[in-house]
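Reading the structure
Take a look at the letters that make up each chain.
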Amino acid sequence: MDANAERSPDAEPEFIRLQHAFTRHLRDPARVPPPPGLPAGRLEVYSNAVFLNVERFMRDNFPRVREGFSEDDWHALVRDYLVRHRSDTPLFAELLNEFLAYLESERNAPDDPPYLYELAHFDWLENAIAIDETPLDAIARRAEGDLLHDRLVVNPVHRLVQYRWPVHAIGPAFRPEAPPPRPTWLLAFRDLSGSFGALDMNEVAVRLFERLRVPDAPPAASVLTGLAEELRHPDPQVVVRGGLQLLERWRAREVILGVAPGG
């Protein structure tokens, strides 16, 4: 049998065609008529329940995105998502990825803010950090120690992400119209209390962190000296001292959890 014939609506059993017609109506009740013979009042209950469940899920998991839209525009976005996007997963945690895919490939609204996708990704990032089940309390470490010469214990629950837009600063008081000349690097992490944090990083800090987070990383003093050479700094100790201040701030925020028990 021809593969296209197998996918043809005429080749589907009647109950399958009825289910498809029913779900198309639930997603877009204003434009898609329901299957014949179904009570309008009950259909309205179902379609409202579908929309409200999706809207609440998106509002709870994409709060920064929601904050940027009026009530009507937000509801229109959620409805557009329901109409356009076909999700391949029944898992709630993966629906966040489905919404990102919709914004990246299917959303077509010229009035949307230009940073919409990246802002949604930052919301997604907070969720990704929150559901990481790595037990930080079980990691062997000493809270105090020599940050320059001891082996550092870097918080494993982190993501280092580059954005075109300063998504961490966008809010009611700041809606940029153009991206800054330099990209925004954010280090997102979960601290020992379970709270989400995000640090704005410059390019030198990014290079330092990337070299310290690898297994068997050399001492920070060695890494900083190497960075000073790459930067051709006339006084490498200035770079080392500045790096130590940065490491102390990272330890205070629990991006660095301490040093290895053996030093």
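Quick caveat, the model's predicted, so the values are computed rather than measured. (Residues numbered from 1 in each chain as written. Predicted model: local features only at pLDDT ≥ 70, side-chain atom pairs only at ≥ 80, totals over all residues. Heavy atoms only, no water.)

Observations concerning the packing of aromatic side chains
Any two aromatic rings considered together are summarised by their centre-to-centre distance and by the angle between their planes. On inspection of all chains with the given rule, the structure shows 8 aromatic pairs. On the numbers, 5.6 Å between centres and 65° between planes, the contact of tyrosine 115 with tryptophan 165 is edge-to-face. Within this pair, whereas tyrosine 115 is found in the loop between helix H6 (92-105) and helix H7 (116-130), its partner tryptophan 165 is found in the loop between strand E2 (158-163) and strand E3 (184-190), the two being separated by 50 residues in sequence. (Phe/Tyr/Trp six-rings, centres within 6.5 Å; stacked < 30°, edge-to-face > 60°. Helix = DSSP H or I, 4+ residues; strand = E, 2+ residues; numbered from the N terminus.)

What to know about the pairing of E3
Where burial is concerned, most of E3 is hidden: 7 out of the 7 residues are buried. Residue alternation in E3 divides its side chains into two sets, Thr184, Leu186, Ala188 and Arg190 and Trp185, Leu187 and Phe189, and both sets are buried. Summarising the sheet, E2 and E3 pair through 6 bridges and their orientation is antiparallel. Counterpart to leucine 160 in the pairing with E3 is leucine 187. With 6 bridges joining them, E3 and strand E4 (residues 196-201) adopt antiparallel strand pairing. Looking across to E4, one finds that alanine 188 is bridged to alanine 198. (Buried < 20%, exposed > 50% of the residue type's maximum accessible area, 1.4 Å probe, protein only. Pairing = 2+ DSSP bridges.)

Quick look at the sheet that holds E4
Within a sheet, adjacent strands bond to each other through the backbone by hydrogen bonds, running parallel or antiparallel. In space, the 3 strands of this open sheet follow the order E2-E3-E4, with antiparallel pairing throughout. Lying at the two open borders of the sheet, with one neighbouring strand each, are E2 and E4. For this sheet the average axis-to-axis angle between neighbouring strands, irrespective of direction, equals 25°. (Axes fitted to C-alpha atoms, helices over the stretch in contact; angles between N-to-C directions.)

Considering the pattern of salt bridges
Within the structure shown, the criterion is met by 11 salt bridges. For aspartate 80, the salt bridge goes to arginine 107, with nearest N and O atoms at 3.4 Å. Here aspartate 80, found in helix H5 (residues 71-84), pairs with arginine 107, found in the loop between H6 and H7; they are 27 residues apart in sequence, far enough to count as distant. Per residue, the accessibility class of aspartate 80 equals that of arginine 107, and both read buried. Shared partners join several salt bridges into a network, and the residues in it are Asp80, Arg84, Arg107 and Asp112. (Salt bridge = Lys/Arg side-chain N within 4 Å of Asp/Glu carboxyl O.)

Regarding H7
Turn by turn, an α-helix covers 3.6 residues, leaving residues three or four places apart pointing in a common direction. Taking 1.5 Å per residue as the helical rise, H7 with its 15 residues ought to reach 21 Å, and the 22 Å between its terminal C-alpha atoms agrees with that figure. Burial analysis of H7 places 12 of its 15 residues in the buried class, the great majority of the element. Every buried residue belonging to H7 is among Leu116, Glu118, Leu119, Ala120, His121, Phe122, Asp123, Trp124, Leu125, Asn127, Ala128 and Ile129, and all of these are buried. (Expected span 1.5 Å × (residues − 1).)

Describing the packing of helix H3 (residues 40-61) against H5
Relative orientation of the contacting elements H3 and H5 amounts to 110°, with a least axis distance of 10 Å. Taken together, H3 and H5 sit at an angle that is classed as roughly perpendicular. Here H3 and H5 pass one another in a crossing that is right-handed. Facing Val50, Phe51, Val54, Glu55, Met58 and Arg59 of H3, the residues of H5 in contact are Trp74, His75, Val78, Arg79, Tyr81 and Leu82. Taken together, the residues that form the contact of H3 with H5 break down as 8 nonpolar, 1 polar and 3 charged. (Parallel < 35°, antiparallel > 145°, perpendicular 65-115°, else oblique. Left-handed = near helix turned anticlockwise from the far one by under 90°. Contact = heavy atoms within 4.5 Å. Nonpolar A, V, L, I, M, F, W, Y, C, P; charged D, E, K, R; others polar.)

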